[in-house]
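Each chain is listed here by its residues.
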Amino acid sequence: MIAKIKEIFSSIQGEGLFVGEKQLFIRFTGCNLTCKYCDTDFLSEPLCEYSPKSLAYEISKYGDNVLSLTGGEPLLHADFLKEFLPLVDKKIYLETNGTLPFELNKIKDYVDVVAMDIKLESASGNKNKFDINEEFLKILPSKTFIKIVFDEKITEDEINNVVKIANNVPIILQPVMPLSQNLDFEEVFNRFYSKNANVRLIPQTHKFLNVR
């Protein structure tokens, strides 16, 4: 079993609840969605192929205690991860778009944190998938937080659906970068906060710090 990996690198987590934490990142190739704001280019650099054992050996060279699975969409490689993750002695942090619940079920026992990025149609261009996002969240609610990338086009219906799905799960609001002059991010934050106080506004801090 082989997975194509774009890059492996150690850096500081720049998004979500664990912003500022040192992590080792594995960036998987491929995604089942196409977002307008996606900043990952899978074509500009050569890709490396790993087996579960060879990838486990490669990351053993790093001293980071947390392994972030990112992409693309890592759950497209769920069968590979099911073989790889038992070989890893690190805390597992999964970044995902929350649209592949069946694939999450395959590896849920090995995951410590899930950053579920709900892709809003208003910002990403993808059709809203709130029903699937809700099903996904039910698998590991105590380990999951929700991330919302938004711009000035966010709708009240989208806010209501995210709040309904979240229940008591933390919501992280992340403005699209670069920031639009038309975006009143504090106003958007207050619209969420009036419906669910478990919400925080955190931009992509790694871009401000100029780290990967």
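Preceding this section is the structure that the text describes.
Residues numbered from 1 in each chain as written. Predicted model: local features only at pLDDT ≥ 70, side-chain atom pairs only at ≥ 80, totals over all residues. Heavy atoms only, no water.

Here we come to the overall build of the chain. Secondary structure assignment for the chain yields 8 helices and 9 strands. At 17 Å, the chain has a C-alpha radius of gyration in line with the 17 Å of a compact globule built from 212 residues. Taking as baseline every contact in the chain between residues at least 6 positions apart, the subset at least 24 positions apart corresponds to 75%. Accessible surface, the chain as shown: approximately 10,400 Å² in total, 49% of it carbon and sulfur. Charge-centre separation for the chain: the mean point of 25 positive side chains lies 3 Å from the mean point of 30 negative side chains. (Helix = DSSP H or I, 4+ residues; strand = E, 2+ residues; numbered from the N terminus. Rg over C-alpha atoms; globule rule 2.2 N^0.38 Å. Contact = heavy atoms within 4.5 Å. Areas by Shrake-Rupley, 256 points an atom, 1.4 Å probe, with all protein chains shown as cover. Lys, Arg positive; Asp, Glu negative; His and termini not counted. Charge placed at Lys NZ, Arg CZ, Asp CG, Glu CD.)

For the rest of this paragraph, the subject is the pairing of strand β2 (residues 22-28). Burial of β2 is extensive: 6 of the 7 residues sit out of reach of the surface. Here strand β1 (residues 3-12) runs beside β2; their pairing, made up of 7 bridges, is antiparallel. Within the sheet, the bridge partner assigned to Ser 11 lies in β2 and is Gln 23. Across 4 bridges, the pairing between β2 and strand β4 (residues 66-70) is parallel. Residue Arg 27 lies in a different strand from β4, and its bridge partner there is Thr 70. (Buried < 20%, exposed > 50% of the residue type's maximum accessible area, 1.4 Å probe, protein only. Pairing = 2+ DSSP bridges.)

Right, let's talk about the nonpolar core for a bit. Ile 26, Leu 55, Leu 67, Phe 84, Ile 146, Ile 148 and Phe 192 are the most contacted members of the largest nonpolar core, which totals 50 residues. Setting aside its immediate chain neighbours within four residues, Phe 192 contacts Ile 154, Ile 159, Val 162, Val 163, Ile 171, Leu 173 and Val 199. (Core = buried A, V, L, I, M, F, W, Y, C linked by side-chain atoms within 4.5 Å.)

A few words now on the pattern of salt bridges. What the rule picks out here adds up to 12 salt bridges. What emerges from the salt-bridge pattern is a single network uniting Glu 15, Asp 117, Lys 119 and Lys 147. (Salt bridge = Lys/Arg side-chain N within 4 Å of Asp/Glu carboxyl O.)

Moving on to the sheet that holds strand β6 (residues 113-118). A sheet is described by the order of its strands in space; here 9 strands give the open sequence β3-β1-β2-β4-β5-β6-β7-β8-β9, paired in mixed fashion. At either margin of the open sheet sits one strand with a lone partner, and together these are β3 (48-50) and β9 (199-201). Here the strands of the sheet are splayed against their neighbours by 30° on average, with no regard to which way each runs. Where β4 and strand β5 (residues 91-96) come together, 4 bridges link them in parallel fashion. Bridged to Leu 67 within β5 is Ile 92. Helix α1 (residues 52-59) contacts β1, β2, β3 and β4 of the sheet and is inclined by roughly 110° relative to β3. (Axes fitted to C-alpha atoms, helices over the stretch in contact; angles between N-to-C directions.)

It is worth spelling out helix α5 (residues 130-137) at this point. Restricting attention to buried positions, one finds in α5 the residues Phe 130, Asn 133, Phe 136 and Leu 137. Projection of α5 onto a plane perpendicular to its axis shows the buried side chains occupying an angular sector of 120°, all on one side. For α5, the secondary structure elements touched by its buried residues are β5, α3 (101-107), β6, β7 (144-150) and α6 (156-166). (Arc of directions from axis to C-beta.)

A separate point is the packing of aromatic side chains. By the definition in use, this model includes 7 aromatic pairs. Geometrically, the ring pair formed by Phe 80 and Phe 84 is stacked, given 6.0 Å between the ring centres and 25° between the ring planes. Linking Phe 80 with Phe 84, this pair stays in helix α2 (residues 78-84), spanning 4 residues, or about one helical turn. Residue Phe 84 is classed as buried on the basis of its relative accessible area, which comes to 0%. Through a chain of ring-to-ring contacts, the aromatic side chains of Phe 18, Tyr 93 and Phe 145 assemble into a single cluster. (Phe/Tyr/Trp six-rings, centres within 6.5 Å; stacked < 30°, edge-to-face > 60°.)

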